[in-house]
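# Descriptive structure summary
One letter stands for each residue in the lines below.
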Amino acid sequence: MKDIKWHIGVALCCVIMVSGCVRNQFDQQRYEEIVEDESPAPDVDENHDWMMSTTKTLVVDPSGVENLKLIRIFTENPAEKASAEIVDEAYSSGDSKVVMNISYPIRLEVLYVAAIDNDDYYTIVPFNPNSSGSIDFSNPIVKHQKMPYKYLPQTYVYLYEEEYPQPGDYDYNDVVLRVSMERSDGQEVRFNIELAAVGGTKQMGAAIRLAGYKYNEVESVKTVDDASFDITGAGELPDMYRTMIQDKSLMQQSMNGEAVLNLFADAHWATGDRIISDNGSITRKRYNVSYEKSDEYGTFYPRELTYIVTFKNGVDVSSLTLDVLDAFIIEEYNGNKYEVHTHKYSKAQVLWPNPSSDAHNLPWAFCVPYESFRWPLHAVAIGYQSTSKSFTYGAYPYLGRSFGEWAADRTKCLNWYMYPDKYEVYE
């Protein structure tokens, strides 16, 4: 990988500094060719979109359910599984049909919809989201029962490489975020954000664009207990280090007027560890990516904040799903700030105008729709398939359910991320 980075670095200097070393000259086409040629992943599906989740519009008919309060969609049967996650929910009353937009993992062929009354009794029916868009409760598998568990909202895990515009080492742990979302019965939406790992050593910021929602459509933003990733036991992040996200407010406006949640301006500071010594020097360890304890590696208890966003009356929040969230990091290369997005939003320029890449051989970020996902240890590749296709390797290597096979064919091994090599991932 060091040889790859060296070649890429030299090539990028040529690409970026053409025309008499004029800075910021960037030959995008030539860059794309370089990245595709240097990618270590052979035979990638040329139509891969790297999505592990999808969206669906449902029409739910609650006729026959008395005293209706709430419609909830679950990943598993909530009457049987404590691990069932709430995909989405909609408050309603009466017999009127409820239209819901949901995001869910592509691997799931069955979801469960529950009609919940004012006394918290559940009526449940299963359905196939890939074929069914209309649901009713004429043939429930559970009718008017209390549930035995307390359920959590569906969580997506975001994984980032810090090396853009160079290829990374493909361990996808330079920043790891867990994100979930909860609705109220009004215009309020809560976003639960957990910083779970910081495996990179560069300064990195992070933000979430609410794609399709304008800044001026938001009434207010606050956090539970007025918490901030930029304020830790070591104090508030000094202004001199606010280079990735300079706006101190919880939400700012993107370059095209969309709403952007500011998460943190410095991932290492956000861990809560003291990164600035008494003499003013900075120590940036790799956190929660190794079991080694040294000057290079450290651990921290994942930090979680809840953002409470209230939209103005009349703004339709029903289309605001997890797949609409464009969570990205910001890092620096060659004196410029770059945003690192998932492949779906790879062309987005939200806070910084520098070009991004949609090179398809491997993206710089993934969104995994699985709360229990375990990211690779430092310098362990997430997984590849050999050119001969006779074996796979990496953190998710098992034939028949490997990352490499999914990369080669987007229709196979849709649940690869549930089967890690336990010796190659961080628990």
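Here, the structure is the one placed above.
Residues numbered from 1 in each chain as written. Predicted model: local features only at pLDDT ≥ 70, side-chain atom pairs only at ≥ 80, totals over all residues. Heavy atoms only, no water.

Under the definition given, this model contains 27 aromatic pairs. Taken together, a centroid distance of 5.5 Å and an interplanar angle of 70 degrees make the contact between Tyr164 and Tyr338 edge-to-face. Residue Tyr164 is located in the loop between β10 (155-160) and β11 (175-183), and its partner Tyr338 is located in strand β23 (residues 336-340); the two are separated by 174 residues in the primary sequence. Neither Tyr164 nor Tyr338 differs from the other in exposure class; each is buried. Taking the centre distance of 5.0 Å and the plane angle of 80 degrees together, the rings of Phe403 and Trp416 count as edge-to-face. Of the two residues, Phe403 is situated in helix α5 (residues 403-408) and Trp416 in the segment after α5; the sequence distance between them amounts to 13 residues. The class of Phe403 is buried, set by a relative accessible area of 0%. For Lys146, the ring lying beneath its charged end belongs to Tyr121, and the centroid distance is 4.8 Å. Cation over ring: Arg401 sits above Tyr419, and NZ or CZ is 4.1 Å from the ring centre. (Phe/Tyr/Trp six-rings, centres within 6.5 Å; stacked < 30°, edge-to-face > 60°. Helix = DSSP H or I, 4+ residues; strand = E, 2+ residues; numbered from the N terminus. Buried < 20%, exposed > 50% of the residue type's maximum accessible area, 1.4 Å probe, protein only. Lys NZ or Arg CZ within 6 Å of the ring centre and 35° of its normal.)

Examined against the element boundaries, Asp185 turns out to sit in the loop between β11 and β12 (188-197). For Asp185, a relative accessible area of 63% corresponds to the exposed category. When the C-alpha atoms of Asp185 and Arg401 are compared, they prove to be 40 Å apart, with 216 residues separating the residues in sequence.

Counting buried residues in strand β6 (residues 122-127) gives 5 out of 6 residues, a clear majority hidden from the surface. For strand β5 (residues 111-117) and β6, the ladder comprises 6 bridges, and the chain directions are antiparallel. Counterpart to Ala114 in the pairing with β6 is Ile124. Sheet analysis places β6 next to strand β8 (residues 142-145), joined by 2 bridges and oriented antiparallel. Residue pairing in the sheet places Tyr122 in a bridge with Gln145 of β8. (Pairing = 2+ DSSP bridges.)

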